[in-house]
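# Structure assessment
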Amino acid sequence: MGEIDMRALFSISYGLYIISSKDDDIINGQTANAVTQVTADPPQIAVALNKTTLTHQCVKNSGFLDVSVLDQTAPLKIIGIFGFNSGRDFDKMSQCNFKLGINGCPVILDHTCAVLESKVIDSIDLRTHTVFICEVIASETLSKNPPMTYAYYHSDLKGKTPKNAPTYEIFSDEKEDTNSKEESKMKKYVCQICGWVYDPEEGDPDGGIEPGTAFEDIPDDWVCPVCGASKDQFEPQ
Ligand code: FE
(Lines give C-alpha, C1' and ligand atoms only; values in the text may rest on other atoms or scores of the structure.)
Protein backbone atom coordinates (compact mmCIF):
# COMPACT_ATOMS: atom_id res chain seq x y z
CA MET A 1 0.00 0.00 0.00
CA GLY A 2 1.23 3.50 -0.81
CA GLU A 3 1.77 6.29 1.67
CA ILE A 4 -1.39 7.78 3.15
CA ASP A 5 -1.44 11.53 3.75
CA MET A 6 -4.45 12.10 6.03
CA ARG A 7 -4.48 15.75 5.00
CA ALA A 8 -5.41 14.68 1.50
CA LEU A 9 -8.59 13.15 2.90
CA PHE A 10 -9.19 16.34 4.88
CA SER A 11 -9.76 18.13 1.56
CA ILE A 12 -12.94 16.12 0.83
CA SER A 13 -16.01 18.36 1.28
CA TYR A 14 -18.99 17.39 3.43
CA GLY A 15 -22.20 18.77 4.80
CA LEU A 16 -23.54 18.25 8.29
CA TYR A 17 -26.75 16.32 8.86
CA ILE A 18 -28.95 14.77 11.50
CA ILE A 19 -29.80 11.20 10.54
CA SER A 20 -32.93 9.98 12.28
CA SER A 21 -34.84 6.75 12.41
CA LYS A 22 -37.21 4.66 14.49
CA ASP A 23 -37.44 1.21 16.04
CA ASP A 24 -40.96 0.35 17.25
CA ASP A 25 -41.70 3.13 19.71
CA ILE A 26 -38.11 4.47 19.84
CA ILE A 27 -37.23 7.52 17.74
CA ASN A 28 -33.69 8.82 17.67
CA GLY A 29 -31.18 10.79 15.64
CA GLN A 30 -27.49 11.54 15.38
CA THR A 31 -25.21 13.93 13.52
CA ALA A 32 -23.41 12.63 10.44
CA ASN A 33 -21.27 14.09 7.72
CA ALA A 34 -21.00 11.08 5.41
CA VAL A 35 -24.13 11.61 3.32
CA THR A 36 -24.11 11.89 -0.46
CA GLN A 37 -26.55 11.66 -3.34
CA VAL A 38 -25.46 8.80 -5.60
CA THR A 39 -28.13 8.70 -8.35
CA ALA A 40 -30.77 11.13 -9.66
CA ASP A 41 -33.41 8.85 -11.15
CA PRO A 42 -34.56 7.47 -8.87
CA PRO A 43 -33.02 9.82 -6.27
CA GLN A 44 -30.79 7.66 -4.08
CA ILE A 45 -28.39 8.58 -1.27
CA ALA A 46 -25.61 6.79 0.59
CA VAL A 47 -25.31 7.30 4.35
CA ALA A 48 -22.50 5.90 6.54
CA LEU A 49 -23.29 5.24 10.20
CA ASN A 50 -21.17 3.80 13.00
CA LYS A 51 -22.47 0.38 13.99
CA THR A 52 -22.44 1.09 17.73
CA THR A 53 -25.02 3.89 17.66
CA LEU A 54 -28.70 3.62 18.56
CA THR A 55 -29.60 5.29 15.26
CA HIS A 56 -27.75 2.52 13.39
CA GLN A 57 -29.77 -0.06 15.31
CA CYS A 58 -33.00 1.76 14.44
CA VAL A 59 -32.14 1.96 10.72
CA LYS A 60 -31.16 -1.70 10.64
CA ASN A 61 -34.43 -2.76 12.27
CA SER A 62 -36.89 -0.41 10.54
CA GLY A 63 -35.31 -0.07 7.09
CA PHE A 64 -36.00 3.66 7.06
CA LEU A 65 -33.95 6.78 7.70
CA ASP A 66 -34.46 10.50 7.36
CA VAL A 67 -31.89 13.20 6.70
CA SER A 68 -32.30 16.69 8.17
CA VAL A 69 -29.86 19.09 6.49
CA LEU A 70 -28.47 21.50 9.09
CA ASP A 71 -28.11 25.09 7.91
CA GLN A 72 -25.60 27.76 8.88
CA THR A 73 -27.84 29.09 11.66
CA ALA A 74 -27.33 25.85 13.63
CA PRO A 75 -25.60 26.54 16.97
CA LEU A 76 -23.00 24.22 18.46
CA LYS A 77 -25.61 23.20 21.02
CA ILE A 78 -27.84 21.29 18.58
CA ILE A 79 -24.81 19.59 17.04
CA GLY A 80 -23.66 18.71 20.55
CA ILE A 81 -27.03 17.25 21.54
CA PHE A 82 -27.11 14.95 18.50
CA GLY A 83 -23.38 14.32 18.11
CA PHE A 84 -21.99 13.90 21.60
CA ASN A 85 -24.77 12.06 23.42
CA SER A 86 -26.25 8.60 23.01
CA GLY A 87 -29.97 8.15 22.57
CA ARG A 88 -29.60 5.12 24.87
CA ASP A 89 -29.28 7.38 27.91
CA PHE A 90 -30.57 10.75 26.73
CA ASP A 91 -33.83 11.67 24.98
CA LYS A 92 -32.41 13.83 22.19
CA MET A 93 -35.70 14.34 20.42
CA SER A 94 -37.18 16.10 23.47
CA GLN A 95 -34.58 18.84 22.93
CA CYS A 96 -35.83 20.01 19.52
CA ASN A 97 -38.88 20.57 17.34
CA PHE A 98 -39.58 17.70 14.97
CA LYS A 99 -42.37 16.08 13.02
CA LEU A 100 -42.89 12.48 11.94
CA GLY A 101 -42.47 11.86 8.23
CA ILE A 102 -44.52 9.52 6.06
CA ASN A 103 -42.10 6.70 6.91
CA GLY A 104 -42.61 7.29 10.65
CA CYS A 105 -39.11 8.65 11.25
CA PRO A 106 -38.69 12.11 12.79
CA VAL A 107 -37.36 15.05 10.80
CA ILE A 108 -35.81 17.98 12.67
CA LEU A 109 -37.43 21.38 12.15
CA ASP A 110 -34.88 23.59 13.98
CA HIS A 111 -31.97 25.06 11.97
CA THR A 112 -32.59 22.75 9.02
CA CYS A 113 -32.95 23.98 5.43
CA ALA A 114 -34.20 20.70 3.94
CA VAL A 115 -35.36 17.24 4.94
CA LEU A 116 -35.24 13.95 3.03
CA GLU A 117 -37.20 10.83 3.90
CA SER A 118 -35.89 7.55 2.62
CA LYS A 119 -36.21 3.79 2.50
CA VAL A 120 -33.14 1.57 2.79
CA ILE A 121 -32.71 -0.59 -0.31
CA ASP A 122 -29.24 -1.99 0.29
CA SER A 123 -26.35 -1.83 2.74
CA ILE A 124 -22.61 -2.42 2.73
CA ASP A 125 -20.76 -3.69 5.80
CA LEU A 126 -17.53 -1.72 6.30
CA ARG A 127 -16.53 -3.28 9.66
CA THR A 128 -16.83 -0.18 11.89
CA HIS A 129 -19.58 1.41 9.80
CA THR A 130 -22.48 0.42 7.58
CA VAL A 131 -23.17 2.33 4.39
CA PHE A 132 -26.91 2.41 3.82
CA ILE A 133 -28.08 2.94 0.24
CA CYS A 134 -31.48 4.59 0.39
CA GLU A 135 -34.14 5.72 -2.04
CA VAL A 136 -35.61 9.14 -1.28
CA ILE A 137 -39.39 8.76 -0.99
CA ALA A 138 -40.23 12.34 0.07
CA SER A 139 -38.33 15.59 0.49
CA GLU A 140 -39.01 19.18 1.42
CA THR A 141 -37.17 22.51 1.48
CA LEU A 142 -37.68 24.28 4.80
CA SER A 143 -35.69 27.51 4.40
CA LYS A 144 -33.39 29.43 2.11
CA ASN A 145 -30.57 29.42 4.65
CA PRO A 146 -27.37 27.98 3.17
CA PRO A 147 -26.57 24.45 4.31
CA MET A 148 -23.91 23.96 6.96
CA THR A 149 -20.71 22.56 5.52
CA TYR A 150 -18.31 20.53 7.59
CA ALA A 151 -15.60 23.10 6.85
CA TYR A 152 -17.82 25.91 8.18
CA TYR A 153 -18.55 23.87 11.32
CA HIS A 154 -14.84 23.46 12.01
CA SER A 155 -13.59 26.89 10.98
CA ASP A 156 -16.40 29.24 12.01
CA LEU A 157 -18.14 27.33 14.80
CA LYS A 158 -14.86 25.72 15.92
CA GLY A 159 -16.70 22.43 16.28
CA LYS A 160 -15.15 19.08 17.10
CA THR A 161 -15.59 15.62 15.62
CA PRO A 162 -17.38 12.87 17.58
CA LYS A 163 -15.37 9.66 17.99
CA ASN A 164 -17.93 7.65 16.00
CA ALA A 165 -17.66 9.81 12.87
CA PRO A 166 -15.94 8.28 9.83
CA THR A 167 -13.72 11.39 9.70
CA TYR A 168 -12.76 11.32 13.41
CA GLU A 169 -9.11 10.41 12.87
CA ILE A 170 -8.67 13.00 10.18
CA PHE A 171 -9.93 15.88 12.22
CA SER A 172 -8.54 14.72 15.55
CA ASP A 173 -5.14 14.94 13.87
CA GLU A 174 -5.66 18.70 13.70
CA LYS A 175 -3.96 20.47 16.56
CA GLU A 176 -4.89 23.86 17.98
CA ASP A 177 -2.57 26.60 16.74
CA THR A 178 -1.03 27.19 20.16
CA ASN A 179 2.50 27.63 18.82
CA SER A 180 1.69 30.42 16.44
CA LYS A 181 -0.08 32.61 18.98
CA GLU A 182 1.70 34.45 21.76
CA GLU A 183 0.67 32.99 25.08
CA SER A 184 -2.57 34.35 26.41
CA LYS A 185 -2.69 35.72 29.92
CA MET A 186 -5.73 33.60 30.61
CA LYS A 187 -5.63 29.85 30.14
CA LYS A 188 -7.76 27.90 27.69
CA TYR A 189 -9.64 24.86 29.03
CA VAL A 190 -10.60 21.80 27.04
CA CYS A 191 -13.71 19.65 27.53
CA GLN A 192 -12.59 16.08 28.24
CA ILE A 193 -15.79 14.69 26.75
CA CYS A 194 -15.99 16.34 23.33
CA GLY A 195 -12.74 18.28 22.93
CA TRP A 196 -14.33 21.75 22.70
CA VAL A 197 -11.96 24.43 23.91
CA TYR A 198 -13.04 27.32 26.14
CA ASP A 199 -11.11 30.42 25.09
CA PRO A 200 -11.42 33.22 27.69
CA GLU A 201 -10.94 35.81 24.96
CA GLU A 202 -14.09 34.60 23.20
CA GLY A 203 -16.10 33.50 26.24
CA ASP A 204 -19.35 31.65 25.53
CA PRO A 205 -21.85 34.39 24.67
CA ASP A 206 -24.64 31.88 23.89
CA GLY A 207 -24.14 30.42 27.37
CA GLY A 208 -24.14 33.84 29.03
CA ILE A 209 -20.35 34.08 29.45
CA GLU A 210 -18.94 37.41 28.27
CA PRO A 211 -15.71 37.51 26.24
CA GLY A 212 -12.79 38.15 28.59
CA THR A 213 -14.10 35.87 31.35
CA ALA A 214 -11.43 33.64 32.93
CA PHE A 215 -12.45 29.97 33.19
CA GLU A 216 -12.19 30.20 36.99
CA ASP A 217 -14.83 32.96 37.01
CA ILE A 218 -17.46 30.97 35.11
CA PRO A 219 -20.45 29.96 37.32
CA ASP A 220 -20.39 26.32 38.48
CA ASP A 221 -23.70 25.50 36.77
CA TRP A 222 -22.36 26.43 33.31
CA VAL A 223 -22.07 23.49 30.91
CA CYS A 224 -20.09 22.75 27.74
CA PRO A 225 -21.98 24.34 24.82
CA VAL A 226 -21.25 21.35 22.59
CA CYS A 227 -21.88 18.25 24.70
CA GLY A 228 -23.47 19.54 27.90
CA ALA A 229 -20.62 18.31 30.15
CA SER A 230 -20.30 20.09 33.50
CA LYS A 231 -17.55 22.59 34.28
CA ASP A 232 -15.52 20.04 36.29
CA GLN A 233 -15.07 17.94 33.11
CA PHE A 234 -12.72 20.62 31.74
CA GLU A 235 -8.96 20.59 32.08
CA PRO A 236 -6.33 23.23 31.25
CA GLN A 237 -5.14 22.92 27.67
FE1 FE B 1 -17.99 19.13 25.65
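Before going into details, it helps to say that this report is about the structure given with it.

Moving on: the nonpolar core. The biggest cluster of nonpolar side chains holds 30 residues, and the ones touching the most others in it are Trp196, Tyr198, Cys224 and Phe234. Of all the secondary-structure elements, those providing two or more residues to this core are α3 (76–83), α4 (150–155) and β10 (189–191). Looking at which element gives the most residues to this core, the answer is α3, with 5 residues. Setting aside residues up to four positions removed in sequence, Tyr198 forms contacts with Lys188, Tyr189, Gly203, Asp204, Ile209, Glu210, Thr213, Ala214, Phe215, Ile218, Trp222 and Phe234.

Take the packing of aromatic side chains next. Remark: the centre distance and the inter-plane angle together describe each pair of aromatic rings, the angle taken between the planes. Inspection of the entire model under this criterion finds 11 aromatic pairs. On the basis of an interplanar angle of 45° and a centroid distance of 6.3 Å, the ring pair of Trp196 and Trp222 is categorised as tilted. Residue Trp196 is found in the loop between β10 and β11 (197–198), and its partner Trp222 is found in the loop between β11 and β12 (234–236); the two are separated by 26 residues along the sequence. The class for Trp196 is buried, based on a relative accessible area of 8%. Trp222 sits in the buried class, given a relative accessible area of 5%. A ring pair is formed by Trp196 and Phe234, whose centres lie 6.4 Å apart and whose planes are at 85°; its orientation type is edge-to-face. Of this pair, Trp196 sits in the loop between β10 and β11 while Phe234 is found in strand β12, placing the two residues 38 residues apart along the sequence. Classification of Phe234 as buried rests on a relative accessible area of 6%. Cluster of aromatic residues (ring-pair linked, three or more members): Tyr189, Trp196, Tyr198, Phe215, Trp222 and Phe234. Note that Lys231 overlies the ring of Phe215, its terminal NZ or CZ placed 5.3 Å from the centroid.

Here the focus is α3. Counting buried residues along α3, 7 of its 8 residues qualify, which places the element largely inside the surrounding structure. Within the span of α3, buried status applies to Leu76, Ile78, Ile79, Gly80, Ile81, Phe82 and Gly83. The inward-facing, buried residues of α3 contact β1 (17–23), β2 (26–32), β5 (64–70), β7 (106–108) and α4.

Before going further, it helps to examine helix α2 (residues 54–62). Taken together, the buried positions of α2 are occupied by Leu54, Thr55, His56, Cys58 and Val59. Among the structural elements, β1, β2, β4 (43–50), β5, β8 (112–126) and β9 (129–141) are those in contact with the buried residues of α2. Of the residues trailing α2, Gly63 is marked for its positive phi of about 80°.

Moving on, we get to the sheet that holds β12. On the basis of which strands lie adjacent, the open sheet formed by 3 strands has the order β11-β10-β12 and antiparallel pairing. At either margin of the open sheet sits one strand with a lone partner, and together these are β11 and β12. Bridging between β10 and β12 involves 3 bridges; their strand directions are antiparallel. Bridge pairing in β12 places Tyr189 opposite Pro236.

We now examine the pairing of β9. As paired strands, β4 and β9 are joined by 7 bridges and run antiparallel to one another. By the bridge assignment for β9, Ile45 is matched with Cys134. By the bridge criterion, 12 bridges tie β8 to β9 in an arrangement that is antiparallel. Looking at the pairing, Ile124 lines up with Val131 of β9. Where β8 folds back on β9, the antiparallel hairpin that results is connected by 2 residues, among which Arg127 adopts a positive phi of roughly 65°.

What counts, and at which threshold
- Throughout this description, residue numbers start from 1 for each chain and increase along the sequence as written.
- Residue-level local features of this predicted model are given only where pLDDT is at least 70; pairs of side-chain atoms are given and counted only at 80 or more, and the full residue set underlies all totals for whole chains, interfaces and linings.
- To get the side-chain values, all heavy atoms of the structure are used, and hydrogens and water are removed first.
- Residues grouped as a nonpolar core are buried Ala, Val, Leu, Ile, Met, Phe, Trp, Tyr and Cys residues, joined through side-chain atoms within 4.5 Å.
- Exposure categories follow from relative accessible area, calculated using a 1.4 Å probe and restricted to protein chains: below 20% of the type maximum is buried, above 50% is exposed, and the middle band is partly exposed.
- Counting from the N terminus, the helices are DSSP H or I runs at least four residues long and the strands are E runs at least two residues long.
- What makes two residues a contact is simply this: any of their non-hydrogen atoms within 4.5 Å.
- In this analysis, rings of Phe, Tyr and Trp, with Trp reduced to its six-membered ring, are considered paired at centre separations within 6.5 Å, and the interplanar angle assigns stacked below 30 degrees, edge-to-face beyond 60, and tilted for intermediate values.
- Remark: a charge is flagged as sitting over a ring if the NZ atom of Lys or the CZ atom of Arg is within 6 Å of the ring centre and within 35 degrees of the ring normal.
- Note on pairing: DSSP must find at least two bridges between two strands before they are called paired.

Nothing here speaks to function; it is geometry throughout.
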